[in-house]
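Understanding the architecture of this molecule
As a plain string of letters, each chain reads:
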Amino acid sequence: MPPATSTAGRKARRATTASFIGTAVEWYDFYIYGTATALVFGKLFFPTASPAAGTLAAFATFWVGFLARPLGGLIFGHIGDRVGRKNVLVTTLVLMGSATTLIGVLPTHATIGVAAPVLLVLLRAVQGIAVGGEWGGAVLMATENTEPKRRGLAGMWVQQGSPAGSVLASLVFIAVGHLPDDAFLSWGWRVPFLLSAVLVVIGLVIRLKVSESTDFEAARKQEDAVPKIPVVELFRTSWPLVLLGVGASAMGISSAYFTNTFVLSWATSDLGVHRQTMLDILLILAVMQFLWQPLAATLAQRVGTVRLMAGALIANIVVAVPMFLLIATRDSTLIGVGLALGVLTGCSYYALLAGFLSGAFPVRVRYTGVSLAYQLCSTVIGGSTPLVAQWLLTRGSGHWPVVSYYIALLLLTTVCVLALARQRSGIRDDAPGAGTREPESLPTVA
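Presented here is a report on the structure given in the accompanying data block.

Procedures and definitions
- Position labels on residues start from 1 in each chain and follow its written sequence.
- With pLDDT at 70 or above as the cut-off, local features in this predicted model cover only qualifying residues; side-chain atom pairs require 80 or more to be listed or tallied, and sums for whole chains, interfaces and linings still use all residues.
- Based on all heavy atoms of the structure, the side-chain values leave hydrogens and waters out of the count.
- Each axis is a line fitted through C-alpha atoms, taken for helices only over the stretch in contact, and angles between the N-to-C directions span 0 to 180 degrees.
- Numbering of helices and strands starts at the N terminus; helices are DSSP runs of H or I of at least 4 residues and strands are runs of E of at least 2.
- Orientation is classified from the angle alone, with under 35 degrees giving roughly parallel, over 145 giving roughly antiparallel, 65 to 115 giving roughly perpendicular, and any other angle giving oblique.
- Each helix crossing is assigned a hand: it is left-handed if the near helix lies turned anticlockwise from the far helix by less than a right angle, otherwise right-handed if that turn is clockwise.
- The contact criterion used throughout is that any non-hydrogen atoms of two residues lie within 4.5 Å.
- Any residue that is not Ala, Val, Leu, Ile, Met, Phe, Trp, Tyr, Cys, Pro, Asp, Glu, Lys or Arg is counted as polar, Gly included; the first ten are nonpolar and the last four charged.
- Put simply, two rings from Phe, Tyr or Trp (the six-membered ring, in Trp's case) pair if the centres are within 6.5 Å, and we call them stacked under 30 degrees between planes, edge-to-face over 60, tilted for the rest.
- The buried label applies to any residue whose accessible area, calculated with a 1.4 Å probe on protein chains only, is under 20% of its type's maximum; exposed applies above 50%, and partly exposed to all values in between.
- The salt bridge criterion pairs a side-chain nitrogen of Lys or Arg with a carboxyl oxygen of Asp or Glu, the two atoms within 4 Å.
- Patch definition: residues above 30% relative accessible area lacking any salt bridge, with like charges linked at up to 9 Å and the nonpolar side chains Val, Leu, Ile, Met, Phe, Trp and Tyr linked at up to 5 Å.
- Using the Shrake-Rupley algorithm and a 1.4 Å probe, accessible areas are obtained, with residue cover drawn only from the displayed protein chains.
- Working definition of a nonpolar core: buried Ala, Val, Leu, Ile, Met, Phe, Trp, Tyr and Cys residues. They are joined through side-chain atoms within 4.5 Å.
- Of the two site types, the cavity is a set of points on a 1 Å grid over the protein atoms alone where a 1.4 Å probe fits but cannot get out, and the pocket is an open set with protein on both sides within 12 Å along at least five of seven lines, each lined by residues with an atom within 4 Å of a point.
- Grid points are joined across faces, edges and corners, and a volume is the space filled by probe spheres set on the points.

Some points on the packing of helix α7 (residues 161-177) against helix α9 (residues 191-207)
Axes are the key here: two packed helices are described by the angle between their axes and the distance separating the axes. Between α7 and α9, the shortest axis-to-axis distance is 10 Å and the interhelical angle comes to 135°. If you check the angle between α7 and α9, you find them oblique. Seen along the crossing, α7 lies across α9 with a hand that is right-handed. On α9, the residues touching Leu168, Val172, Phe173 and Val176 of α7 are Val191, Pro192, Leu195 and Leu199. Among the residues forming the contact of α7 with α9, the class breakdown is 8 nonpolar, no polar and no charged.

See the structure below:
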C-alpha cells in the first residue's frame, strides 16, 4: 500500500491494515479446522465409522460452521448497521479466537465418547457465527474509510486475509506434520488451534486503535439514515441484490474448500499422496495467491473490475478439466501445476469480490447486505462443497461428477457477477448515502 500523508489517508491505511490482519487471523482459525477435518477429525471424533463414513461425518461438522454464518451475518450486520462497524469487529475476533482455542483442548471420542463430536459441532458453530459477522465488517471498515477510486484495492487487502491465513495455517500444520503419526494424532494437531490465542491478542491490539467507518459516521448524521431493523429494510429495497450477491460469491467461497479440504482429503486417502507433500503444495499455492491478488486488483484499475472478474471466471472454466486430470495423476508436481491453474484464475476474481459486493448495497443496509449475501452463499454452497464433492466421489463414478459440479459453480458465479454488475451500475458508492442512481456509468473498481 502506498504511503499516506493526510489524516484521511492515515485513517484509511490504519483501517485497511487492521481489516487485513484481523481477517487473516479469522481465516487462519477457519482454515486450520478445514485441514484438521481432512487429516484427523474423522479418526479422532468418529472412530467407530468406516474411513469413508468418518470423512463424510467430519466434513458434515465442517459444514456446521457455514450453516451458522448467516446467523452471525444477521446478528452482527444488525449491530454494525445500527451502532457501527468497529466494536463488532472486536467482538467477532474474540469470539472466533475463543472457540478455536477451546477446540485445541477438546477431549476426543476415546476420552468422553459421543460428547466429543457434540462439543466439536458446538464450537464449530461459534466459529461460523464469528466469521459471519467478521467478513462483511472488515470489508466495510477498509472500503468505507478509503477514497472511492481506491476502494477496489482496499477490498483486495481484506481478501488477502484468506491466503495469509492459509499460509500461516499451512506453515503450522507442516511443522507439526513432521511428527510421528502417533504424536500428531495425540497432541500435534492441537498446536495450531492453541496458537490462535496468541494471534487474537495481536489482532485485538491493532483493531482497538482503528476509528469508526467514515461512511457510517456521515450516514449517522443524516435524518433517518440508520434503519431500525436493517434486515427488513434490506429485503424491502434490495432483495435482488442479495440473491445475485449469493450467486456472485459462489466460487469465491467454494474454491478454497475444494483445494484446502476436499482435494487434500482425496489426495492423501484415495490417491495415496503423502500428507506432508500435500501440505507443502497448499503452502506454495497460498503464497502464490497472496502475491497474485494485488496484481489482479491493479490490473482491474486499467481494464475494469467486471471485465477482469468475468474473464478470470471463464479462464477458470477452461482449465477445470485439465486441473482435475493433473490431480488424478498422483504425481506431486503435476498436482501442484493443476491446482495452480485453478488458483491463479480463481483468485483473480476473488481479489475483487469484496469491493464489488460492497459497492452493490446502499450504506444504510450495507453491513447486513454484504454479510447476508456472502454468508448465505457460504451456507448453501461454500460449506457444503467438500461434503458434496466427497459424496460424488464415493458414489463410484470417479472424479468426473466432481468436475461437473466444479464447472457448474463457475457458471453460476459468472452469470451472477454479470447480472449484479448491471444492477449495481446505478449505485454510487462514493457518497455517504450511497444509493443515488447514476445509470450512465459503471464503476471500474468498487
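After presenting the structure, the write-up continues.
Description of the packing of aromatic side chains
A full pass over the atoms with the stated rule returns 16 aromatic pairs. Relative to phenylalanine 184, the ring of phenylalanine 173 lies with its centre 6.5 Å away and its plane at 65°, an arrangement referred to as edge-to-face. Of this pair, phenylalanine 173 sits in helix α7 while phenylalanine 184 is found in helix α8 (residues 181-186), placing the two residues 11 residues apart along the sequence. Taking the relative accessible area as the measure of exposure, phenylalanine 173 reaches 0% and is therefore buried. Seen from their ring centres, tryptophan 189 and phenylalanine 193 are 5.8 Å apart, and the 80° between their planes marks the pair as edge-to-face.

Some details on the pattern of salt bridges
Inspection of every chain in the model, using the stated rule, returns 5 salt bridges. A salt bridge links aspartate 81 to arginine 85; the shortest N-O distance between them is 3.1 Å. The buried category is assigned to aspartate 81, whose relative accessible area is 2%. Residue arginine 85 is classed as buried on the basis of its relative accessible area, which comes to 0%. The shortest N-O distance in the salt bridge between arginine 275 and aspartate 181 comes to 3.4 Å. Placement of arginine 275 in helix α14 (residues 275-303) and of aspartate 181 in helix α8 is noted, with a sequence separation of 94 residues between them.

Remarks on a nonpolar patch on the surface
Together, Ile112, Val114, Val118, Leu119 and Leu122 line one region of the surface with nonpolar side chains, adding up to about 430 Å² of accessible area. In terms of residue count, helix α5 (residues 115-143) provides more of the nonpolar patch than any other element does, 3 residues in total. Its place among the elements puts leucine 122 in helix α5.

A word on the nonpolar core
Membership of the largest hydrophobic core comes to 133 residues, with the highest contact counts inside it found for Phe41, Phe45, Trp189, Tyr257, Phe258, Met278 and Tyr349. Here this core gets 18 residues from one element, more than from any other, and that element is helix α1 (residues 7-45).

Looking at the environment of proline 180
Note that proline 180 resides in the loop between α7 and α8. On a C-alpha basis, the gap between proline 180 and aspartate 215 in space is 53 Å, while along the polypeptide they are 35 residues apart.

Quick word on the packing of helix α3 (residues 86-104) against α5
Direction vectors running N to C along α3 and α5 enclose 150°, while the axes themselves pass 8 Å from each other. Between α3 and α5, the angle falls in the class roughly antiparallel. Crossing of α3 against α5: the hand is left-handed. On the side of α3, the interface is formed by Lys86, Val88, Leu89, Thr92, Leu95, Met96, Ala99, Thr100, Leu102 and Ile103, while α5 contributes Leu120, Leu123, Val126, Gln127, Ile129, Ala130, Val131, Gly133, Glu134, Gly137, Ala138 and Met141. Its residues assigned to classes, the contact of α3 with α5 shows 15 nonpolar, 5 polar and 2 charged.

Digging into the environment of aspartate 182
Tracing the backbone shows aspartate 182 in helix α8. In this structure the C-alpha to C-alpha distance between aspartate 182 and leucine 341, which are 159 residues apart in sequence, comes to 35 Å.

Section: the layout of surface pockets
What the largest pocket holds in volume is close to 510 Å³. Considering the residues around the largest pocket, the lining is formed by 24 residues, among which Ala38, Leu39, Lys43, Thr55 and Ser269 are closest to the centre. Listing elements by their share of the lining of the largest pocket, those giving two or more residues are α1, α2 (51-82), α8, α13 (250-268) and α18 (385-394). Ranked by residue count, the leading element in the lining of the largest pocket is α1, at 7 residues. Of the residues that constitute the lining of the largest pocket, the class distribution is 10 nonpolar, 10 polar and 4 charged.

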